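# Residue-level structural notes
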Amino acid sequence: MNLQNYVWLIGGSLMSEPMCKEIKSRGYNLLLTDKNSNCHCLSYSDEFKPISVYDEFNSMALARLCREKPKAVLCIGCDAGPTQSLLTDYFDLPGVKYHIAVGVKNKGLMRERLNFEYPKYIHRDNASNYINSSSYIKIASVFNTDDRILVKPTDQSGSRGIVWYSDDEQ
């Protein structure tokens, strides 16, 4: 790949648009990777590659094809920290270490390591597959509450899978 004076942005969703504009306003070329070949920020890119933000293998394969290292590797609002970490390490750029990026990507694991008391939570992967209104009573009894409960699956990105439950919805 022959792109010069560029920034590599992982993810081209609507949330990435302000970053794209900033990169371009500073005079950099933009390498954009996103699984969606029709992503929101496609028009900002100087070079686009259809690689998922979570695809570490193909992101690294593309990195090895770059003739010049990017000025920065960024991601915003797409939970691609581990991919970004691999790339910043490969290009010897400032970044978070890979094992830390992997640890904080899983919100349940991060909460367990930080040992925060509030808000109360139960760590369950694939929560959206088994949580339903009839299971509200079981969850509420764990927390000893009659309040509403927010269920956020730890294996979902962004706000996918978030559900509110309360006993008045049964």
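This text goes with the structure placed above it.
Here goes a summary of the coordinates provided. (Residues numbered from 1 in each chain as written. Predicted model: local features only at pLDDT ≥ 70, side-chain atom pairs only at ≥ 80, totals over all residues. Heavy atoms only, no water.)

### Overview of the pattern of salt bridges
- With the rule as written, the count across this model stands at four salt bridges.
- Put simply, Arg26 and Glu22 hold a salt bridge, and the shortest N to O gap is 2.6 Å.
- What makes Arg26 exposed here is its relative accessible area of 59%.
- We classify Glu22 as partly exposed; its relative accessible area is 34%. (Salt bridge = Lys/Arg side-chain N within 4 Å of Asp/Glu carboxyl O. Buried < 20%, exposed > 50% of the residue type's maximum accessible area, 1.4 Å probe, protein only.)

### Observations regarding helix α3 (residues 81-90)
- Those residues of α3 that fall on the buried side of the exposure criterion are Pro82, Thr83, Ser85, Leu87 and Thr88.
- Where α3 is buried, its residues meet β1 (6-10), α2 (56-65), β4 (72-75) and α4 (98-105).
- Positive phi appears at Asp92, one or two residues downstream of α3, with a value of about 55 degrees. (Helix = DSSP H or I, 4+ residues; strand = E, 2+ residues; numbered from the N terminus. Contact = heavy atoms within 4.5 Å.)

### Some details on the state of the cysteines
- Within this structure, the stated rule accounts for zero disulfides.
- With no disulfide of its own, Cys78 lies 4.6 Å from the sulfur of Cys75, the closest cysteine sulfur. (Disulfide = S-S within 2.5 Å.)

### Digging into the nonpolar core
- Ranked by size, the top nonpolar core spans 18 residues in total, and within it Met1, Trp8, Ile10, Leu31, Val73, Leu87 and Phe91 carry the most contacts.
- Elements supplying a minimum of two residues to this core: β1 and α2.
- Filtering out sequence-adjacent residues up to four positions away, Met1 remains in contact with Tyr6, Leu31, Glu47, Lys49, Leu62, Leu65, Cys66 and Arg67.
- If you look at the next biggest cluster of nonpolar residues, it comprises nine residues, including Val7, Ile23, Cys39 and Phe48. (Core = buried A, V, L, I, M, F, W, Y, C linked by side-chain atoms within 4.5 Å.)

### Concerning the side chain of Asp34
- Along the polypeptide, Asp34 turns up in the loop between β2 (29-33) and β3 (47-49).
- Although Asp34 lies buried, it forms no salt bridge, and the closest oppositely charged side chain, Lys35, sits 8.8 Å away as judged by the N-O distance.
- The residues touching Asp34, leaving out its near neighbours within four places in the chain, are Gly11, Gly12, Ser13, Cys39, Phe48, Lys49, Pro50, Ile51 and Ser52. (Lys, Arg positive; Asp, Glu negative; His and termini not counted.)

### Considering unusual backbone geometry
- Within the chain, Asn5 stands out as a residue other than glycine whose phi angle is a positive 45 degrees.
- Tracing the backbone through its elements, the reader meets Asn5 in the segment before β1.
- Positive phi values are uncommon outside glycine, yet Asp79 reaches one of about 55 degrees.
- With respect to the helices, strands and loops of the structure, Asp79 is situated in the loop between β4 and α3.
- Classification of Asp79 as partly exposed rests on a relative accessible area of 27%.

### Quick notes on the environment of Lys105
- Relative to the elements of secondary structure, Lys105 occurs in helix α4.
- By relative accessible area, which is 29% here, Lys105 ends up partly exposed.
- The spacing of Lys105 and Gly81 is 24 residues in sequence and 7.1 Å in space, taken between C-alpha atoms.
- If near-sequence neighbours (up to four positions away) are discounted, Lys105 is found in contact with Tyr54, Asp79 and Pro82.

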